[in-house]
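Chain by chain, the residues:
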Amino acid sequence: SSVFGQGIFELRGEGAEFSKRSDAFHFVWKRMPYQGQIVARLERLSDGPGRPMAGLIIRGSLFDQSRYSMIGVATDGQSGLVSKPTGDAETVVIPGPPIKPPCWLKLVKYGEWVTASVSSDSLKSAKDARWQFVGRMEMDGLNDSYVGMMVTSRHTGDLATARFDHV
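Quick caveat, the model's predicted, so the values are computed rather than measured.

Student: In this structure, what is going on with the packing of aromatic side chains? I would like to understand it.
Tutor: Aromatic rings in a pair are described by how distant their centres are and how their planes are angled relative to each other. Tallied over the full model, the rule gives three aromatic pairs. Ring geometry for F4 and F9: centres 4.4 Å apart, planes at 40°, overall tilted. Given a relative accessible area of 52%, F4 falls into the exposed group. Ring plane angle 85° and centroid distance 4.9 Å describe the contact between W29 and Y146, whose orientation is recorded as edge-to-face. Of this pair, W29 sits in strand β3 (residues 26-32) while Y146 is found in strand β12 (residues 145-152), placing the two residues 117 residues apart along the sequence. Owing to a relative accessible area of 12%, Y146 belongs among the buried residues under this scheme. Between K109 and the ring centre of Y34, over which it is positioned, the NZ or CZ distance is 4.7 Å. Lying across the ring of W113, R136 places its NZ or CZ 3.8 Å from the centre.

This is the structure in structure tokens:
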């Protein structure tokens, strides 16, 4: 589920893991043309047995086997750029720095590339944050896409909650 109020998105979702055949997460999205960016502060992420993860994601479609790139943060502090460059590819992970909420996330799509950055600054403004580059992934042909926020418990049957503000 997802709720929006007073500038805060609260997402709740469950699911196992990202894989070649399926994705298991809750995703709030809007359409994005050829290029653009999404920036948000991950204000809070609930803990759980599967090390829940939340982040920002760009997907080629709303179907399970869609290709995507996402910048994610897990409750254990691991961050990374997680991508599936084609619909039948295995996921590729570029590890990022250790970071925990509250933290800033940024995903930028320009041309055929998606770049990801994070900031541990607890500031209320992204423009003043000191960004750490995590990585970039070539996503050839990802022209008209879906961009938004996601959360997964990474443990089937358990629910994780993420709060995003300053989106």
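Still more ground to cover, so stick around.
Student: Just to check I follow, could you spell out the sheet that holds strand β6 (residues 68-74) for this structure?
Tutor: Strands in a sheet are paired, the pairing made by backbone hydrogen bonds, and the direction either parallel or antiparallel. Spatially, six strands are ordered β3-β12-β5-β6-β7-β8 in an open sheet, and the strand pairing comes out antiparallel. The sheet is open, and its two edges are formed by β3 and β8 (92-95), each paired on a single side. Strand-to-strand twist in this sheet, taken as the mean axis angle between neighbours without regard to direction, amounts to 20°. Sheet topology note: the strand β7 (residues 79-84)/β8 ladder contains four bridges and is antiparallel. Opposite L81, over in β8, you have I94 as the bridge partner.

Student: Is there a simple way to explain the nonpolar core in this structure?
Tutor: In terms of nonpolar packing, the biggest core is built from 31 residues, with L42, L56, I71, L105, L107 and F164 touching the most fellow members. For this core, the element with the most residues is strand β4 (residues 36-45), which contributes four residues. If we ignore the near neighbours within four places in the chain, the residues touching L42 are A54, V73, P101, P102, C103, L105, A162, R163 and F164. If you look at the next biggest cluster of nonpolar residues, it comprises nine residues, including F25, F27, Y68 and M150.

Student: Help me understand the sheet that holds strand β1 (residues 2-5) in this model?
Tutor: The sheet built from seven strands is open, its strands ordered β1-β2-β13-β4-β9-β10-β11 with antiparallel pairing. Pairing within the sheet leaves two strands with one partner each, and these edge strands are β1 and β11 (132-138). With direction set aside, neighbouring strand axes in the sheet form an average angle of 25°.

Student: Help me understand the pattern of salt bridges in this model?
Tutor: Close approach of charged atoms allows side chains of opposite charge to pair. With the rule as written, the count across this model stands at eight salt bridges. The residue D121 makes a salt bridge to R130 at a minimum N-O spacing of 2.6 Å. Among the residues examined, D121 registers a relative accessible area of 9% and is labelled buried. Taken together, the salt bridges that share partners define one network made up of E10, R12, E43, R44 and R163.

About the thresholds
- Residues numbered from 1 in each chain as written.
- Predicted model: local features only at pLDDT ≥ 70, side-chain atom pairs only at ≥ 80, totals over all residues.
- Heavy atoms only, no water.
- Phe/Tyr/Trp six-rings, centres within 6.5 Å; stacked < 30°, edge-to-face > 60°.
- Buried < 20%, exposed > 50% of the residue type's maximum accessible area, 1.4 Å probe, protein only.
- Helix = DSSP H or I, 4+ residues; strand = E, 2+ residues; numbered from the N terminus.
- Lys NZ or Arg CZ within 6 Å of the ring centre and 35° of its normal.
- Pairing = 2+ DSSP bridges.
- Axes fitted to C-alpha atoms, helices over the stretch in contact; angles between N-to-C directions.
- Core = buried A, V, L, I, M, F, W, Y, C linked by side-chain atoms within 4.5 Å.
- Contact = heavy atoms within 4.5 Å.
- Salt bridge = Lys/Arg side-chain N within 4 Å of Asp/Glu carboxyl O.

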